[in-house]
Amino acid sequence: MANDSMTAMLPGPLFSLSDLGAHRHFLVGFSGGLDSTVLLHQLVALRAENPALSVRAVHVHHGLSAHADAWLAHCRQLCQVWGVEFIACHVIVSPGGKGVEAAAREARYQAIETVLAPGEALLTAQHLDDQSETFLLALKRGSGPAGLSAMPREMQFSGHTLLRPLLSLSRTELEHYAQAAKLHWIDDDSNTDTRYDRNFLRLAILPELKQRWPHFPQAVARSAQLCAEQEQLLDELLAEELEALVQPGGSLQIAPLSTMSEVRRAAILRRWLAYLGAKMPSREQLKRLWDEVAMSREDAMPCLHITPWEVRRFQGALYLVKPARIPRDACILWDNPQEPLQLPAGGGQVYFRETPGNGLMVRPAKADETVSIRFAASGLLHIVGRDKGRGLKKIWQELGVAPWERKAVPLLFYNEQLIAAAGYFITQQGEPGPDQWYFGWLPE
């Protein structure tokens, strides 16, 4: 590894510090391949000139190759030589119905998301040829301007900035840099497998296109940029209209959408989903969203899955929600009510306090009463402020609580008696006397 030392003669820089904006703390996605090795080497060179820069590297071990352990060791050793903090993440790739490439990419970014530090920008090593591949894959899927925008040089990623400083450079330029700097990198054997769409384009299609039209990658990049500009213009033109349609909490009014043309309505729906952080839906999904959810009969409870979300309708509006993952029949014992209770499956945290706060005021549990949290209750319930008993479903309807939200509300029980629904009501059996607790809930 001696040739990988930063004491080697450095070639000319591929990008400057100004290309990275105001960011000075970086996490580099480091596979050990040519592209990410060049990127990390360039960052380390910039750090030598600007000591205030901090550079870390993250390597994701997918376990898909027999060489995966050796690749991890190579990356770790190179980072040690270059004085870069190294982070290794092991993931399990479950293709499901999305294919190995997509599943590995999703697992990789999920792992990287967990190690990003506050204020840190993520740097990835996609280049000009990658942009062409991404554009052609989007074209194959029948994508519109948003998909054909391919990869931006800068975007938001999980509350951080993702930068691609090599995006305007060809792979040939990166190879020349690596050879001049005497770098060593990993050659992934799977990159020659043309069963994968991206490899097929890289090995069989793009060389032919570039031989016929040498500036094809630059032309693709311009087209992608034009598509991105068109999308940005639409964002600006529709922003005010979208803002008027979005209600507090993020739901979208249906009635005004029904008077729009199909094209305009689809553009609004796409931007509403993007505004809430959902992936761009397909044309078919958008049609189903409108026909099967927005336009379903009045008494229906329609639902469209856009993984990991669900689109629901309630009281004349569309909602994008995460499905409840806690079983309806769950019963969670609260052995020590003096300590907060963490609920499973992302259900948040419930707590008792003896001083006023945001919680509901209830009576303390008696010595012979077992405290538990549940998510369903049967029979007639007598809640404070109502003279007649009602079933829980009727109470939720009167309170205007959406059906999917009801499933996640923690219900406080003493023995088999419902005492309170966190954030909503207490029963007459839970009314406080001289002593009281404050029962609260912090949803995730």
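Thresholds, definitions, all that
- Counting starts from 1 at the beginning of each chain's written sequence and moves along it residue by residue.
- Owing to the predicted nature of the model, reporting of local features is limited to residues with pLDDT of at least 70; listing and counting of side-chain atom pairs is limited to 80 or more, with chain, interface and lining totals taken over all residues.
- Side-chain numbers come from the whole structure's heavy atoms, not from hydrogens or water.
- Each helix is a run of H or I in the DSSP string that is no shorter than four residues. Each strand is a run of E no shorter than two, and both are numbered from the N terminus.
- When a residue's accessible area, from a 1.4 Å probe over protein chains only, is under 20% of the maximum for its type it is buried; when over 50% it is exposed; and in between it is partly exposed.
- Every residue pair with non-hydrogen atoms within 4.5 Å of one another is taken to be in contact.
- Areas reported here follow the Shrake-Rupley algorithm with a probe of radius 1.4 Å; residue values treat only the protein chains shown as occluding.
- The charge count includes Lys and Arg as positive and Asp and Glu as negative, but it does not include His or the ends of the chains.
- Note that the charge is assigned to NZ on lysines, CZ on arginines, CG on aspartates and CD on glutamates.
- An automatic or database domain assignment provides the domain bounds reported here.
- In this scheme, strands are said to pair when DSSP sees at least two bridges between them.
- In this analysis, axes come from line fits to C-alpha atoms, helices being fitted only over the stretch in contact, and the angle between any two N-to-C directions falls in the range 0 to 180 degrees.
- Only the six-membered ring of Trp is used, alongside the rings of Phe and Tyr, when aromatic pairs are assigned; centres must lie within 6.5 Å, and planes under 30 degrees apart are stacked while those over 60 apart are edge-to-face, with the rest tilted.
- For a ring to carry a charge above it, either NZ of a lysine or CZ of an arginine must fall within 6 Å of the ring centroid while also lying within 35 degrees of the normal to the ring plane.
- A helix is expected to span 1.5 Å for every residue after the first.
- Convention used here: angles under 35 degrees read as roughly parallel, angles over 145 as roughly antiparallel, angles from 65 to 115 as roughly perpendicular, and any remaining angle as oblique.
- Gly counts as polar in this scheme, as do all residues outside two lists: the nonpolar Ala, Val, Leu, Ile, Met, Phe, Trp, Tyr, Cys and Pro, and the charged Asp, Glu, Lys and Arg.
- When a carboxyl oxygen of Asp or Glu is within 4 Å of a side-chain nitrogen of Lys or Arg, the pair counts as a salt bridge.
- By convention, orient the strands away from the viewer: a clockwise path from the first strand over the helix to the second makes the crossover right-handed.

## Some points on the overall build of the chain
Scanning the chain for helices and strands turns up 13 helices and 19 strands. Counting across all 444 residues of the chain, residues that qualify as buried make up 45%. Considering only intrachain contacts with a sequence separation of at least 6, the fraction spanning at least 24 residues in the chain is 67%. Just so you have it, the chain exposes about 23,900 Å², and 52% of that area is on carbon and sulfur atoms. One way to put it: in the chain the 44 positive side-chain charges average out to a point 5 Å from where the 49 negative ones average out.

## A few points about the domain arrangement of the chain
Looking at the assigned domains, one finds that the chain contains domain 1 (21-217), domain 2 (246-321) and domain 3 (331-442). The straight-line distance from the C-alpha centre of domain 1 to that of domain 3 is 49 Å.

## A short note on the sheet that holds strand E7 (residues 252-253)
In spatial order, the strands read E7-E10-E9-E8; together these four strands make up an open sheet with antiparallel pairing. Strands with a single pairing partner mark the edges of an open sheet, and in this sheet they are E7 and strand E8 (303-306). Against the sheet, helix H11 (residues 283-294) touches E8, strand E9 (309-314) and strand E10 (317-321), its axis set at about 155 degrees to E8.

## Focus: the sheet that holds strand E3 (residues 85-90)
Taking strand neighbours across the sheet as the criterion, the six strands line up as E3-E2-E1-E4-E6-E5 in an open arrangement whose pairing is mixed. In the strand order of this sheet, the two ends are held by E3 and strand E5 (154-157), each with one partner. Adjacent strand axes in the sheet meet at a mean angle of 30 degrees, parallel and antiparallel pairs treated alike. Relative to E3, strand E2 (residues 54-61) runs parallel, the two sharing six bridges. Bridging from a neighbouring strand, valine 60 pairs with cysteine 89 of E3. Those strands touched by helix H1 (residues 34-49) are strand E1 (25-29), E2 and strand E4 (121-123), and its axis lies near 160 degrees from that of E1.

## Quick notes on the environment of alanine 52
In this fold, alanine 52 is placed in the loop between H1 and E2. Note on alanine 52: relative accessible area 63%, which makes it exposed.

## Concerning the packing of aromatic side chains
For the structure on display, the rule yields 10 aromatic pairs. Relative to tryptophan 404, the ring of phenylalanine 314 has its centre 6.0 Å away and its plane inclined at 85 degrees; by these criteria the two rings are edge-to-face. Of this pair, phenylalanine 314 sits in strand E9 while tryptophan 404 sits in helix H13 (residues 403-406), and the two are 90 residues apart along the sequence. Between tryptophan 334 and phenylalanine 352 the ring centres are 4.7 Å apart and the planes differ by 15 degrees, which places this aromatic pair in the stacked class. Placement of tryptophan 334 in the loop between strand E11 (331-333) and strand E12 (341-342) and of phenylalanine 352 in strand E13 (residues 349-353) is noted, with a sequence separation of 18 residues between them. Note on tryptophan 334: relative accessible area 3%, which makes it buried. Among the aromatic side chains, those forming a connected cluster through ring pairs are Trp334, Phe352, Trp437 and Phe439. When the ring centre of tryptophan 290 is taken as origin, the NZ or CZ atom of arginine 265, which lies over that ring, is 4.3 Å away. Positioned over the ring face of phenylalanine 413 is arginine 374, at 4.5 Å from the centre of the ring.

## Focus on helix H10 (residues 262-275)
Helix length check: H10, at 14 residues, gives a terminal C-alpha distance of 20 Å against a target of 20 Å (1.5 Å per residue), a fit within 8%. When H10 is considered as a whole, its buried residues turn out to be Arg265, Ala266, Ala267, Ile268, Leu269, Arg271, Trp272 and Leu273. Just beyond H10, the residue with positive phi is glycine 277, at close to 95 degrees.

## Brief notes about the packing of helix H8 (residues 216-245) against H10
At a minimum axis separation of 10 Å, H8 and H10 run at an interaxial angle of 85 degrees. Relative to H10, H8 is oriented roughly perpendicular. In contact with Glu231, Leu234, Asp235, Leu238, Glu241, Leu242 and Leu245 of H8, H10 contributes Arg264, Ala267, Ile268, Arg271 and Trp272. The residue makeup of the contact of H8 with H10, split by class, is seven nonpolar, no polar and five charged.

## A word on unusual backbone geometry
The amide bond that connects threonine 307 to the next residue, proline 308, takes the cis arrangement and shows omega of 0 degrees. As for its position among the elements, proline 308 is in the loop between E8 and E9. Positive phi, normally seen in glycine, also occurs at lysine 182, with a value near 55 degrees. Assignment of secondary structure puts lysine 182 in the loop between helix H6 (171-180) and helix H7 (197-212).

## Here's the deal with the pattern of salt bridges
Applying the stated rule across the entire model yields 20 salt bridges. For arginine 271, the salt bridge identified is with glutamate 231, shortest N-O distance 3.1 Å. Residue arginine 271 is found in helix H10, and its partner glutamate 231 is found in helix H8; the two are separated by 40 residues along the sequence. There is no split in this pair, since arginine 271 and glutamate 231 are both buried.

## Considerations on the pairing of E2
Here E2 lies mainly inside the structure; seven of its eight residues are buried. The sheet contact formed by E1 and E2 spans five bridges and is parallel. In the strand pairing of E2, leucine 27 is matched with arginine 56. For the handedness criterion, the β-α-β arrangement of E1, H1 and E2 is classed as right-handed. Between E2 and its parallel partner E3, the chain crosses via helix H2 (residues 68-82), and the hand of that crossover is right-handed.

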